Amino acid sequence: MFKHIVWLMLALISSSPHAQINYPPSHIAAKLNGEALLQFSLSNMQQLGSDKPLSAADQLAQMLRQRLLAVEARRLYPPETLHPASRIAFARDTAIEDRLASSLRALYGKEIEQSVKALPGSTLKSLYIEENTLTAAQQLAVFGSKQQISLEYALNPEQINQAKEITLLRYQLANKGSLTLYDIYHRQNVQGRIELYAKNQEYLNQQIQIAFANLFTIDWANKKFGTAAVNDYRRSLKDQEDAEALMKIYGIGDQHDRSEHLEQLAKKTSPAEIADYYRKHKNEFKRIAKVKARHIRVNNEALAKTLILQLKLGEDFAGIARQHSMASDADKGGDLGWITHQGTLNWVEQIAFSQTELSQAFRAPVGPDEKATWEIIKVEQRIEDYQAADSESVRYAASAQIALQKSRAQFKRLLDQQWQHAKIEVNPSIGKIRLN
């Protein structure tokens, strides 16, 4: 299934958008502290943006901000802090090169495809000088026994040195080069390494083809636009990711990502700050204090669904409860009375608090050998109030929001300082950029 992936990848890009370059690739869009940012990078980033690309001026402003933040991020934090290692993530250098190659294919796919068709046999394999199959002895020396179970799927220093000595492919691009087993191993996240440890030769061959396709794409771009232009574009991609990494450290962006900086700010939040936040944002702490509800319990899901349909058509809930419910309160029309949000609620009460009116049919959480029942719940009235100002839930939520506000203000000050001290020269053809 793998062997045609690379060739299909190159074929599919024939329908991709084709970037138009109407200027020399070395054309300077702006200078930041004397360092050029090229129009080639600006155009690429602009076209790879959202469905509604930014104007050239707005895109340039964004890239300048990212470059400033990236420089500061690299100054403040080591690479392992900016981009923590992860078993499921790819190595940083691999991720950047893959992103560079894939974006070039997205932008210049038609021209790249024509370059492939112009090769002997219309195949990238015509650029191969030598292919080597990994022998069983080499596999054993590097990855160990196939039956061996590993927790880390990571090579030790001796295995790495052995993998570096095993050449899988020699090729001819602008210069002669080679791909070693370590090159392929280094490209993998944990899922890929599992395949290599499992001696999946087909997967290994596919990864060699993908790695070479990326090398060809970048080599093509170097020849077409110049190494300086491609390097600047690579730098812009790095800038973007390093700026986003700095934002993540500050807890700005995806709120699902953990931020130690935010956690420390939250711990330092004072009771007075929490009380002030609660007073100004009291509606954020509104809750359902109690609900008045009824329920129907039946032992058949089909019957439950039929009853729900009748209720939606206007049938009286209490009357249907008296007729069909098997619960002890059926003679009272399934009346659950007022349920208050105090103590531990049973599962029916929890559902009642989550409903606005009529529920769907909920299966009781019983074991596989227990008789199942289905509950239908109708909320007749809801009373709202506010969480107590001195409650733990208020302290937690308010301190988190206060920390986020402080962090955003800190981040803005950092960016503003960078702008104020930066020397920015913009090509007049782009127009005026907004710095803030």
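Residues numbered from 1 in each chain as written. Predicted model: local features only at pLDDT ≥ 70, side-chain atom pairs only at ≥ 80, totals over all residues. Heavy atoms only, no water.

Engineer: What is the right way to read the overall build of the chain from this model?
Structural biologist: Within the chain one finds 17 helices and 10 strands. With the C-alpha coordinates aligned to their principal axes, the bounding extent of the chain is approximately 90 × 60 × 45 Å. For the chain, the proportion of its 436 residues judged to be buried stands at 43%. If you take every contact in the chain between residues at least 6 apart in sequence, the share linking residues at least 24 apart comes to 73%. (Helix = DSSP H or I, 4+ residues; strand = E, 2+ residues; numbered from the N terminus. Buried < 20%, exposed > 50% of the residue type's maximum accessible area, 1.4 Å probe, protein only. Contact = heavy atoms within 4.5 Å.)

Engineer: Which parts of the structure should I look at to understand the environment of Ala106?
Structural biologist: Residue position: Ala106 is located in helix H5 (residues 92-117). A relative accessible area of 26% places Ala106 in the partly exposed class. It is 27 Å that separates the C-alpha atoms of Ala106 and Gly431, two residues lying 325 residues apart in sequence.

Engineer: Where do I start with the side chain of Asp219 in this structure?
Structural biologist: The topology assignment puts Asp219 in helix H10 (residues 201-225). For Asp219, the residues in contact, after removing those within four places along its chain, are Leu173 and Ala174.

Engineer: What exactly am I supposed to notice about the UniProt feature "domain: PpiC" (unreviewed entry) in the chain here?
Structural biologist: UniProt feature "domain: PpiC" (unreviewed entry): in the numbering of this structure it lies at residues 288-381. What you have in residues 288-381 is 30% helix and 29% strand, and the ends, taken at the C-alpha atoms, are 10 Å apart. (UniProt positions renumbered as here; feature names shortened; annotations may be inferred.)

Engineer: Would you take a moment to explain the packing of aromatic side chains for this structure?
Structural biologist: The description of two aromatic rings rests on the distance between their centres and on the angle between their planes. Scanning the model with the defined rule gives 14 aromatic pairs in all. Where Trp220 meets Phe225, the ring centres are 5.8 Å apart and the plane angle is 85 degrees; that geometry is what we call edge-to-face. By relative accessible area, Phe225 is classed as buried at 8%. Taking the centre distance of 5.3 Å and the plane angle of 35 degrees together, the rings of Tyr278 and Phe285 count as tilted. Accessibility expressed as a relative area gives 11% for Tyr278, which makes it buried. (Phe/Tyr/Trp six-rings, centres within 6.5 Å; stacked < 30°, edge-to-face > 60°.)

Engineer: When you look at the packing of helix H13 (residues 271-280) against helix H17 (residues 392-421) in this model, what are you seeing that I'm missing?
Structural biologist: Packed helix pairs are specified by the crossing angle of their axes together with the interaxial distance, meaning the distance between the axes. Two elements in contact, H13 and H17, have axes separated by 9 Å at closest approach and are oriented at 95 degrees. The orientation of H13 relative to H17 falls into the category roughly perpendicular. Residue-level inspection shows Glu273, Ile274, Tyr277 and Tyr278 of H13 in contact with H17, the latter providing Val394, Arg395, Ala398, Ser399, Gln401, Ile402, Gln405 and Lys406. (Axes fitted to C-alpha atoms, helices over the stretch in contact; angles between N-to-C directions. Parallel < 35°, antiparallel > 145°, perpendicular 65-115°, else oblique.)

Engineer: Explain the sheet that holds strand E7 (residues 335-340) to me, please; I cannot follow it from the model alone.
Structural biologist: Picture the strands of a sheet paired through backbone hydrogen bonds; they go either parallel or antiparallel. The four strands are arranged E7-E6-E9-E8 in an open sheet whose pairing can be described as antiparallel. The open sheet is flanked by E7 and strand E8 (362-363), the only strands paired with a single partner. Relative to strand E9 (residues 374-386), E8 is paired through two bridges, and the arrangement is antiparallel. Note on E9: the bridge partner recorded for Arg363 is Trp374. Against the sheet, helix H16 (residues 347-354) engages strand E6 (286-298), E7, E8 and E9, with an angle of about 60 degrees to E9. (Pairing = 2+ DSSP bridges.)

Engineer: Whenever I open this one, the pairing of strand E4 (residues 167-172) confuses me. Can you help?
Structural biologist: On a regular strand, one side chain projects to one face of the sheet and the next to the other, so that they alternate. In the sheet, strand E3 (residues 128-131) pairs with E4 via three bridges, with the strands oriented antiparallel. Note that in E4 the partner of Glu130 across the bridge is Arg170. Across five bridges, the pairing between E4 and strand E5 (residues 176-180) is antiparallel. Paired with Leu169 across the two strands is Leu179, which belongs to E5. The turn linking E4 back onto E5 is made up of three residues.

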